[in-house]
Every structure is written in C-alpha cells, then in structure tokens.
Amino acid sequence: MAKRKELVVVKLGGSVITLKDQNRLEINSGNLERLAKEITEAWKAKGFSLVVVHGAGPFGHVPAKKYELDKGLKGDKQVIGFSETHASMERLNSRVVDALRRKGLDAVAFQPSAGGILRNGKLVKFPVDVLENMLGMGLVPVAYGDVLFDEERGVSILSGDHLVPYLAEKLKAGRVILVADVGGVYNKDPKKNMDAKIMKELSRGNVHEIKEIGSSRGVDVTGGMEKKLEELLRLADVGIESEIISGLEPGLLKRSLLGGKGLGTIIKKKT
Ligand code: ATP
Ligand code: IP8
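Residues numbered from 1 in each chain as written. Chains lettered and ligands numbered in written order. Predicted model: local features only at pLDDT ≥ 70, side-chain atom pairs only at ≥ 80, totals over all residues. Heavy atoms only, no water.

Draft legend 1. Quick peek at the pattern of salt bridges. Counting across every chain of the model gives 26 salt bridges. Linking K37 and E41 is a salt bridge whose minimum nitrogen-to-oxygen distance equals 3.1 Å. Of this pair, K37 and E41 are both found in helix α2 (residues 29-46), four residues apart, which corresponds to roughly one turn of the helix. In this structure K37 comes out as partly exposed when scored by relative accessible area, which is 44%. The exposure class assigned to E41 is partly exposed, which follows from its relative accessible area of 31%. (Salt bridge = Lys/Arg side-chain N within 4 Å of Asp/Glu carboxyl O. Helix = DSSP H or I, 4+ residues; strand = E, 2+ residues; numbered from the N terminus. Buried < 20%, exposed > 50% of the residue type's maximum accessible area, 1.4 Å probe, protein only.)

Draft legend 2. Examining the site of ligand 1 more closely. Close to ligand 1 lie 27 residues; K11, G14, S15, D181 and K228 are nearest. Y186 is positioned with one of its backbone polar atoms (N or O) 3.0 Å from a nitrogen atom of ligand 1. One of the side-chain N or O atoms of S216 is found 3.1 Å from an oxygen atom in ligand 1. In the complex, the protein chains occlude 99% of the 650 Å² of accessible area that ligand 1 would expose alone. Put simply, ligand 1 lies in the largest cavity. (Near = heavy atom within 4 Å. Polar contact = N/O pair within 3.5 Å; in protein donor to acceptor, adjacent residues only side chain to side chain. Areas by Shrake-Rupley, 256 points an atom, 1.4 Å probe, with all protein chains shown as cover. 1 Å grid on protein atoms, 1.4 Å probe; cavity = no way out; pocket = protein on both sides within 12 Å on 5 of 7 lines; lining within 4 Å. Sits in = over half its atoms within 2 Å of the grid points.)

Draft legend 3. Up close: the site of ligand 2. Residues in contact with ligand 2 amount to 14 residues; listed here are only the nearest, A56, H61, S159, G160 and T222. One nitrogen or oxygen atom from the side chain of S159 is found 2.7 Å from an oxygen atom belonging to ligand 2. Within the backbone of G160, one N or O atom sits 2.8 Å away from an oxygen atom of ligand 2. Assessed atom by atom at 2 Å from the grid points, ligand 2 resides in the largest cavity. For the shell around ligand 2, the secondary structure elements donating two or more residues are α3 (58-66), β10 (154-158) and α6 (160-170). Of the residues belonging to the shell around ligand 2, the class tally is three nonpolar, eight polar and three charged. (Nonpolar A, V, L, I, M, F, W, Y, C, P; charged D, E, K, R; others polar.)

Draft legend 4. Focus on the packing of α6 against helix α7 (residues 224-237). With their axes 9 Å apart at the nearest point, α6 and α7 run at an angle of 10 degrees to one another. The orientation of α6 relative to α7 falls into the category roughly parallel. In the crossing of α6 with α7, the sense of the turn from one axis to the other is right-handed. Contacts from D161, H162, P165, A168 and E169 in α6 reach G224, K228, E231 and L235 in α7. Looking at side-chain class alone, the contact of α6 with α7 contains three nonpolar, two polar and four charged residues. (Axes fitted to C-alpha atoms, helices over the stretch in contact; angles between N-to-C directions. Parallel < 35°, antiparallel > 145°, perpendicular 65-115°, else oblique. Left-handed = near helix turned anticlockwise from the far one by under 90°. Contact = heavy atoms within 4.5 Å.)

Structure below.
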C-alpha cells in the first residue's frame, strides 16, 4: 500500500456548519459547501493526507442535553437518547460527506461509536488502524462528535474537540486546523465583548491572560471554546501545534491548508 503523505487533521466546528447560535436544527449549507470546496481545492493543489472531524451543533448537543447523555447511563432514557442522538449525528455526517464527495474528494463516513470506547469521557480505544488503512488508500475519513460507550459511566459524549487531538497524536499529524465561528481565541468572548482582543499565540505560558472563555450561545454539552483550548494545550504538550481559525471568512481555510500560518490563534508548547 502507498505510504501516506503528511497528515492534516481538520475540524469543522458545529458553530460554522450548522445554525448552532440560533439553536435551529439546520445545516448552514452555504458555509458547508464553501468549506468543502476550499478543502478539496487545497487537497488537489498540495496533496496531503486528510482526516476531517466535524462537530455537532444542535444536531448533537440538543438531544444529548435532553437525554442527559453527558451524565452517564441512569436508565432507559439514555438508551433512547443514545439512538436518537447518534441518528441525528449520522444525518449531519452524511451531509458533510456528500458535500465533500460532490466537490471531488473520496470522503468516507467514519462512525466513532462503532469502534471507540471512553473511560470517564476520555478515549481509551479507537480504531486508528482502520483509519491508517483508509489514509493509505487515499481516502478521506470523516468522523464526528458522537455518543460512545463509557467503561465507567455507561455512556458519554465524545467531543470532536477530544477526538481531534487524540487522532493527531496517534496518527502523528503534521498540521491540525480547527474552524469556528470566531477568528480564534480572544481574551474575552468576542460575541459579547466588542473590545475583545485576539490572542495570536497561546501556550501554558500566557493562557492566564484570557479573562473570559466559555461556550457559544447555542446549547453545548462539551464545554465550548474553553474545553477546546484545554484539549489543544494538551496536544501542544506532546509537541503538536494547532491553529483555530475562522470558518466564516472565505478563503481562510484554504490558505491555512496550503501552509498559511498566523491566520487565527496558534496553540503551541510553552517556550
Ligand atoms: P461544536 O462543539 O458544535 O463543534 P464549535 O467547536 O464550532 O462547536 P464552540 O464550541 O461553540 O464552537 O465555540 C465557539 C464559540 O465560543 C464562539 O461562538 C464564541 O462565542 C465562544 N467563546 C466563548 N469565549 C470565547 C473566547 N474567549 N474566545 C473565542 N470564542 C469564545
Ligand atoms: O460538537 C459533540 O461534539 P462537539 C457531540 O465536537 C455530541 O463537541 C453528540 C453532542
């Protein structure tokens, strides 16, 4: 099998590809189509290996909250909720896969709950060997935040923000890019504070300069921007840098995929 090229892991945030802010169970098809086009154009121009992970927006966060899936298995309610939440995420996933395939990428749906296991919300098992084989063939696996079996809690939510650094580390990614509905991490929530300032670089050395960090306006059971940053700081600890950029600004993801840096917030190891 052909040796794979440098791996890029991209997360398409639920805040960009759905109407998360408005809590409406709808896809932002304008954003999704544009980002799918940018990804495909960059992939054709540069020829990297690629794993796409997407977030949930209301497709996952709303049913997960309704059935309290983030609180573990307590009864039949969570079993119904598991099925309902996963089905909703599959609907979103098939739209993402379709968008990428229509643009010309050989994208393939990758269901995290089929092979992943959590322990207290952290991945302890994931079929990375299957992903390796797919990447070796030139396929583009498209995974997502999902409901998983949890060895301690019965069920838990796997956030795309946890899956991205896990895969980046296991598959030794060269680049990790996350798109959100904001330009990066700010010192305060930019949606609530007009004077919020972007942090161009973040590490454990200056993270204390952030005055306010939280979630989006929409329902969110996985901790929003705060959890995202926590996960990416952990990834930086093992030497893998990442960048959060805006998915709303046309062309930015393509530039980033083509090697552009400093387009949002870089999360790196403390020097
Ligand atoms: P999903 O989890 O559905 O994939 P996402 O990863 O795209 O969503 P969120 O987790 O909703 O994105 O995080 C983005 C939101 O974080 C923004 O809409 C913004 O309002 C909010 N936020 C809160 N504090 C900050 C901050 N200090 N800097 C940047 N964004 C912040
Ligand atoms: O939006 C959450 O994934 P995220 C997944 O990447 C579910 O945090 C099912 C809520």
